[in-house]
Structures are given as structure tokens and as C-alpha cells.
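# Commentary on secondary and tertiary structure
Take a look at the letters that make up each chain.
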Amino acid sequence: MREGLLPATVATVLELSTSGEKARALTELLGEIFDPTETAISAFELEEGVTTLSLNAPWKVEIYFANHPDEEAVRDLLRPIVGDAVDTTPFTTVNTRDWVATSLEGLKPVRAGRVIVHGAHDRDVVRVNDVAIEIEAALAFGTGHHGTTSGCLMALDAALKKRRPRHALDVGTGTGILALALAKQIKRKVVAGDIDAVAVEVSAHNARLNHAPNALDLYVAPGLRHAKANRPGRFDLVFANILAGPLRQLAPSIARVLSRDGTLILSGLLAMDVAGVASAYRHHGIYLVSQSLREGWATLVMKKGGAAPRLRRPA
Ligand SMILES: C[S@@+](CC[C@H](N)C(=O)[O-])C[C@H]1O[C@@H](n2cnc3c(N)ncnc32)[C@H](O)[C@@H]1O
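Residues numbered from 1 in each chain as written. Predicted model: local features only at pLDDT ≥ 70, side-chain atom pairs only at ≥ 80, totals over all residues. Heavy atoms only, no water.

## Concerning the confidence of the model for the protein chain
- Looking at the protein chain, pLDDT values average 84 and 82% of them are 70 or higher.
- Within the protein chain, the element-level pLDDT minimum falls on strand β2 (residues 39-46), averaging 52, and the maximum on strand β8 (residues 168-171), averaging 98. (pLDDT = per-residue confidence, 0-100. Helix = DSSP H or I, 4+ residues; strand = E, 2+ residues; numbered from the N terminus.)

## Focus: the site of the ligand
- The environment of the ligand is formed by 16 residues, the closest being T149, G172, D194, G223 and N241.
- Note that a nitrogen atom of the ligand is positioned 3.5 Å from one of the backbone N or O atoms of T173.
- Between G223 and the ligand, the recorded distance is 2.7 Å, taken from a backbone N or O atom to a nitrogen atom.
- Protein contact buries 83% of the 590 Å² of open area that the ligand shows by itself. (Near = heavy atom within 4 Å. Polar contact = N/O pair within 3.5 Å; in protein donor to acceptor, adjacent residues only side chain to side chain. Areas by Shrake-Rupley, 256 points an atom, 1.4 Å probe, with all protein chains shown as cover.)

## A short note on empty space enclosed by the protein
- Overall, the coordinates contain one cavity of 30 Å³ or more when judged by the stated rule.
- What lines the largest cavity is a set of eleven residues, and nearest its centre among them are R24, T27, L243, A244 and D273.
- For the lining of the largest cavity, the secondary structure elements donating two or more residues are α1 (20-33) and β12 (258-270).
- Looking at the lining of the largest cavity, its residues break down into six nonpolar, two polar and three charged.
- For the lining of the largest cavity, the two domains that each supply at least three residues are domain 1 (10-101) and domain 2 (107-304). (1 Å grid on protein atoms, 1.4 Å probe; cavity = no way out; pocket = protein on both sides within 12 Å on 5 of 7 lines; lining within 4 Å. Points joined across faces, edges and corners; volume = space filled by probe spheres on them. Nonpolar A, V, L, I, M, F, W, Y, C, P; charged D, E, K, R; others polar. Domains from an automatic or database assignment.)

## Observations concerning helix α6 (residues 177-186)
- Within α6, nine of the ten residues are buried, leaving the element largely enclosed by the surrounding structure.
- Those residues of α6 lying buried are I177, L178, A179, L180, A181, L182, A183, Q185 and I186.
- Backbone geometry just after α6 places K187 at a positive phi near 55 degrees. (Buried < 20%, exposed > 50% of the residue type's maximum accessible area, 1.4 Å probe, protein only.)

## Things to note about a positive patch on the surface
- Taken together, R166, R188, R231 and R234 make up a surface patch of like positive charges.
- When you line up the elements, R234 lands in the loop between β10 (216-220) and β11 (235-241).
- Take R234: its relative accessible area is 31%, and that puts it in the partly exposed class. (Patch = residues over 30% accessible without salt bridge, like charges linked within 9 Å, V, L, I, M, F, W, Y side chains within 5 Å. Salt bridge = Lys/Arg side-chain N within 4 Å of Asp/Glu carboxyl O. Lys, Arg positive; Asp, Glu negative; His and termini not counted. Charge placed at Lys NZ, Arg CZ, Asp CG, Glu CD.)

## Examining the pairing of strand β14 (residues 297-304)
- Among the eight residues in β14, seven count as buried, and that is most of the element.
- For β12 and β14, the ladder comprises seven bridges, and the chain directions are antiparallel. Along β14, the bridge assignment pairs L270 with W297.
- Relative to β14, strand β13 (residues 286-294) runs antiparallel, the two being bridged by eight bridges. Within the sheet, the bridge partner assigned to L288 lies in β14 and is M302. (Pairing = 2+ DSSP bridges.)

Laid out in C-alpha cells, this is it:
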């Protein structure tokens, strides 16, 4: 890992076990209340060994704070959602550099269609016809292992078999993984932005790591609030792998920049949020074409324009 990409930092962690419904409410609350560059929800997943997805199934939520927060203020905020459990859950600390290094070592390569995502320790798994992406995630999201990222990579693979986009946008790029996977295949620059400046720095690093220093046209801003992204009718492919709440809010902006017949790939939403998110986009003339589910997370492929197509059953 490049020196300086990941500052040696001690982060504070609060790990809560709760139901799916409460976990969803927590992520929405945290997204609204805290500065996302100071707070990250790193794990929002079914507890180990749980295979049935339901609102009452136990979920694990890990909340990371870049600076040690006022513990009582955080407990007061979370208590209305998770109840008294928050009073007995201790805040712990983790050295982020050690934690990231350890977690990367155990990661296996991920295949999604033609793309293989791997780390420095796994370069030998790449085959001749693979589109290989090497990722150093540091503190950004997007190694390919999460169901939302792999869902987007699979949706991209299917979309590229039909049409190659000329101008693409990745909202919430994280490590830059989706934008790099696309840029490598279409051999064109992809506009990619994130609200988190650290993620954008990590994306630039990953572009260099993949010998494609100019593949990404990066910006730091929430949503599409940057001149590089805010270009009406410009993009024939847009990715947004963010949570359900921001996805609903972004519907008018994404609809404005997506070209007619353009493809939209959305993820970061739970199966139970598909109807609400799809409806927000339908109001702007963007229709659901297909959806897939991975570990409870949905990935939607949508199209702008024309009549509402008949929906295929989830894969
Ligand atoms: C789930 S990660 C997705 C990363 C990567 N695109 C992937 O598919 O693995 C979501 C990313 O969106 C960013 N993000 C969250 N809210 C955002 C917003 N309103 N505007 C832009 N980026 C946002 C986060 O900082 C994070 O890097």
C-alpha cells in the first residue's frame, strides 16, 4: 500500500446487533445527521449464520467515527431506534491502518462477467482475456466483495453486451471500482464523483495502479453537484451505488443528465426498498428493466424513455 494513502489513525467503533428494519432506520438517520467524511457505516449485513432475509432477522451495523464522538450524544440519538441496547454497547477503538491491512489480506479475487477484481497479493489469478482491476481500498468502499458492487459489475457486463456507452458517470465512486471496470472496457474517460474526498483520492490512486491514470474524471461533491456531472442529457450510462434515501433524492438530477435510451444502474438499496426507489425514478421517465438480489441487496437496471417495459422476474 502506498505510504500516505492511508493515514495511521485510530477510529472509534460502535457495533450494534439489531433487526433489519431498525438497521435501515439507523443508516438513514446517520446519513442525515453526521458528516459522512467523519462517520462511516462499514458493515450493514445479516449476522453470520443467518440465511433468511426478513425485517426481523438479526443484522449487524458497525459505525465508525473518524474522531471520538460525544458518547452520550450518540446514545441519545440512537436510543429512539435501537432502544436501551445502545446503553450497554461499548464504544471500542481500532487502528485503521492495521485493520485495513488485515482485512485486505484475507480477500479473495472477485469475478463478475469479464471483470476480475483482485489485490496485489492475487495478481497471478488473472487470465489472458480477463478485464483485470487491481484495487487498494484503504478507507474507501468497493473491493467487489459486497453484493451491491458485484451486482453493479454483473449489470455492467450485461449492459456492455448490448451497447457500449460513450459518456458515463459514477455517482458515489468509492474506490473507483465501477468506473475503472467500465473505463477499461470502453477505453474512454468516465466521470466519477464522491462526497468523500478520501474516496476520490483512493480512486485516483487506483487509476494509477491500473496503469490508467487518466481513466477517471474525478470530482468531490454530493450527488451531481459539480459541473463535470451536471450536464443535461450527456450520459448514456450512470451508476449510483448509494443507500435508498439518497437514491430517491437524486432521481430528478440523474434523470436530467441521463440521455434518452440511457441506462441507469442503481444499487445500495435493500429488497424492501425497490418499489419506493423505482417509483421515484418512474416519475422522471426512467423505467425498471430488471433487478437482481445479492445477500439481500438489490441492483436495478433502468432505462430512460419510451413506454414502461414489462418487468422481468428477479434473477
Ligand atoms: C456503497 S459505496 C459504493 C462504492 C462503489 N461505487 C461500489 O460500487 O463499490 C457508496 C459511496 O457513495 C458515497 N456517497 C454517499 N452519499 C453520497 C452522495 N450523496 N453523493 C455522492 N457520494 C455519496 C460514499 O462516500 C461511498 O463512497
